[in-house]
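Structural description and commentary
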Amino acid sequence: MAEGLDQWQFVIAAYAVGVAGTLSLAGWAWTAMRRAERRRDEARDR
Amino acid sequence: MHGFANPARFLRIARWLTPLLFGLGLLLAGGALAWGLTQVPPDRLMGETVRILFIHVPSAWLGMAGWTTIAIASLVELVWRHPLAGIAARAAAVPGATFTAICLATGSIWARPTWGTWWVWDGRLTSFLVLLFLYFGYIALAGAAQKDAAGGAGGSRVIAIFGLVGAINIPIINRSVVWWNSLHQPPSITMGKSSIDATFLVPLLIAALGFSLLFGGVVLARMRTLLAEIQTEARLRRKAIA
C-alpha cells in the first residue's frame with residue numbers, strides 16, 4: 001500500500017468484473033434455455 | 001439416483017427449481033456483495049481492498065466446484081451409464097469456466113495493490129490458470145463430440161475420461177499454497193476452522209451460498225437447454241424419416 005493507490009478503484013473494478021460476469025452468465029443461460037425449449041415445443045407442434 | 005435418470009422426471013423437478021435457484025441466488029449474492037461493499041470495515045493490513053474477498057473467494061470455490069461436478073458426473077456416466085450424468089457434466093463446464101475467469105481477474109486486480117504486481121507465476125495462480133485452459137479444452141471437446149454425435153459417431157466416453165483426468169488439478173490447486181512458496185496466503189478456512197473474523201466470515205459465507213445457488217440454477221438451465229436440443233434434433237429426424 002506504500003504507493004498511495006486509490007484502493008476503491010480496485011474494489012470497484014473487481015466488483016464490476018464479478019457482477020457483470022455473473023449476470024451475463026445467468027442471463028445467457030436463461031435465454032438460451034427458453035429459446036431451446038421454445039424450439040422443441042415448435043418441433044412437437046409442427 | 002436412477003430415479004432421476006428419467007428426463008421427464010428430471011424436467012418436472014427442474015421446471016420449478018431453476019427459477020427458485022436463480023431468484024434466491026441473485027438475492028443472497030447481491031445482498032452479501034452490498035453488505036461487503038458498504039457495511040464491512042476496512043482490514044488492518046489490506047485496507048478497503050479486503051472487500052474483493054466477497055467476490056473472489058466464492059468464484060474460486062465455484063471454479064473448483066465446477067470441475068469437481070464434471071469429474072463426479074463423468075464417473076457416474078462411465079460406471080452406471082446414467083443418461084443425465086453426461087448432460088450434467090457438460091452443463092457445469094461454462095459456469096465453471098466463467099467463475100474460474102472471474103476468480104483470476106478479481107485476484108489479479110486484488111494482487112496489484114496488495115502484492116505490488118498483477119501476476120506471479122506461482123503454484124496457486126498457475127494451477128488455477130491451467131484449470132481455465134482445461135475448461136476451454138473440455139468445452140471445445142464437448143462441442144466437437146456433439147457435432148460427431150449428430151453424424152452418428154459418439155465421443156461421450158472420451159469427454160468423460162477427459163473430465164476425470166482433469167480432476168487431478170483440483171487437489172493441486174488446493175494444496176499449492178502449502179507445497180510451494182507463494183505470495184498467496186495459505187488456506188484461511190479449513191474443515192471446521194476459520195482464521196477469518198466473523199465480521200468478514202458471515203457475509204463471505206452468505207455470498208458463497210448465494211453464488212452457489214446461482215451456479216446450481218445455471219447448471220440446471222444448461223441441462224434443460226441441452227435436453228431440449230437433443231429432443232428437438234430427435235423429433236426433426238423422426239419427421240424427416242417419416
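**Things to note about the interface of chain A and chain B**
Every contact between the two is made by 25 residues of chain A and, on the other side, 33 residues of chain B. Taken together, the residues of the side of chain A that touches chain B break down into 17 nonpolar, four polar and four charged.

**Looking at helix H3 (residues 85–115) of chain B**
Helical geometry: 3.6 residues make up each α-helical turn, so side chains three or four residues apart lie on a common side. All names here are of chain B. For H3, with 31 residues, the first-to-last C-alpha span of 42 Å sits near the 45 Å given by 1.5 Å per residue. Along H3, the helix axis deviates most sharply at Ala 93, where the bend reaches about 30°; the proline Pro 95 sits within four residues downstream. Burial of H3 is extensive: 26 of the 31 residues sit out of reach of the surface. Following H3 by one or two positions, Gly 116 adopts a phi angle in the positive range, close to 85°.

**A short note on the nonpolar core**
In terms of nonpolar packing, the biggest core is built from 75 residues, with B:Ala88, B:Leu214 and B:Met223 touching the most fellow members. Going through the elements one at a time, helix H1 (7–45) of chain A together with helix H1 (7–38), helix H2 (53–80), H3, helix H4 (123–150), helix H5 (156–166) and helix H7 (198–241) of chain B are the ones with two or more residues in this core. Contact partners of B:Leu214, with chain neighbours within four places excluded, come to A:Thr22, A:Ala26, B:Leu21, B:Phe22, B:Gly25, B:Leu26 and B:Ala29.

**What about the environment of B:Gly107?**
Examined against the element boundaries, B:Gly107 turns out to sit in helix H3. Put simply, B:Gly107 and B:Ser212 are 105 residues apart on the chain and 19 Å apart in space, counted from C-alpha to C-alpha.

**Let's talk about the confidence of the model for chain B**
Averaged over chain B, the pLDDT score is 90; the fraction of residues at 70 or greater is 93%. The spread of mean pLDDT over the elements of chain B runs between strand S1 (residues 189–190) of chain B, the lowest at 69, and H3(B), the highest at 96.

About the thresholds
- The numbers attached to residues start from 1 for each chain and follow its sequence in the written order.
- Chains and ligands are labelled sequentially in the order written, the chains with letters from A and the ligands with numbers from 1.
- Selection of residues for local features in this predicted model requires a pLDDT of at least 70, selection of side-chain atom pairs for listing and counting requires 80 or more, and totals for whole chains, interfaces and linings are taken over all residues.
- Whether two residues are in contact is decided by their C-beta atoms, placed from the backbone, lying within 7 Å.
- Under the grouping applied here, Gly and all other residues not named as nonpolar or charged are polar, the nonpolar ones being Ala, Val, Leu, Ile, Met, Phe, Trp, Tyr, Cys and Pro and the charged ones Asp, Glu, Lys and Arg.
- Where helices and strands are cited, they refer to DSSP runs of H or I of at least four residues and of E of at least two residues respectively, numbered from the N terminus.
- Multiply 1.5 Å by the residue count of a helix minus one, and that product is the helix's expected span.
- Bend at a given residue is defined as the angle between two axes, one fitted to the seven residues that end at that position and one fitted to the seven that begin there.
- Think of it as a crowd count around each C-beta: if 20 or more other C-beta atoms lie within 10 Å the residue is buried, if 12 or fewer it is exposed, and in between it is partly exposed, with C-beta placed from the backbone throughout.
- A set of buried Ala, Val, Leu, Ile, Met, Phe, Trp, Tyr and Cys residues, joined to one another through C-beta atoms within 7 Å, is what we call a nonpolar core.
- A residue's pLDDT is simply how confident the predictor is in it, with values from 0 to 100.

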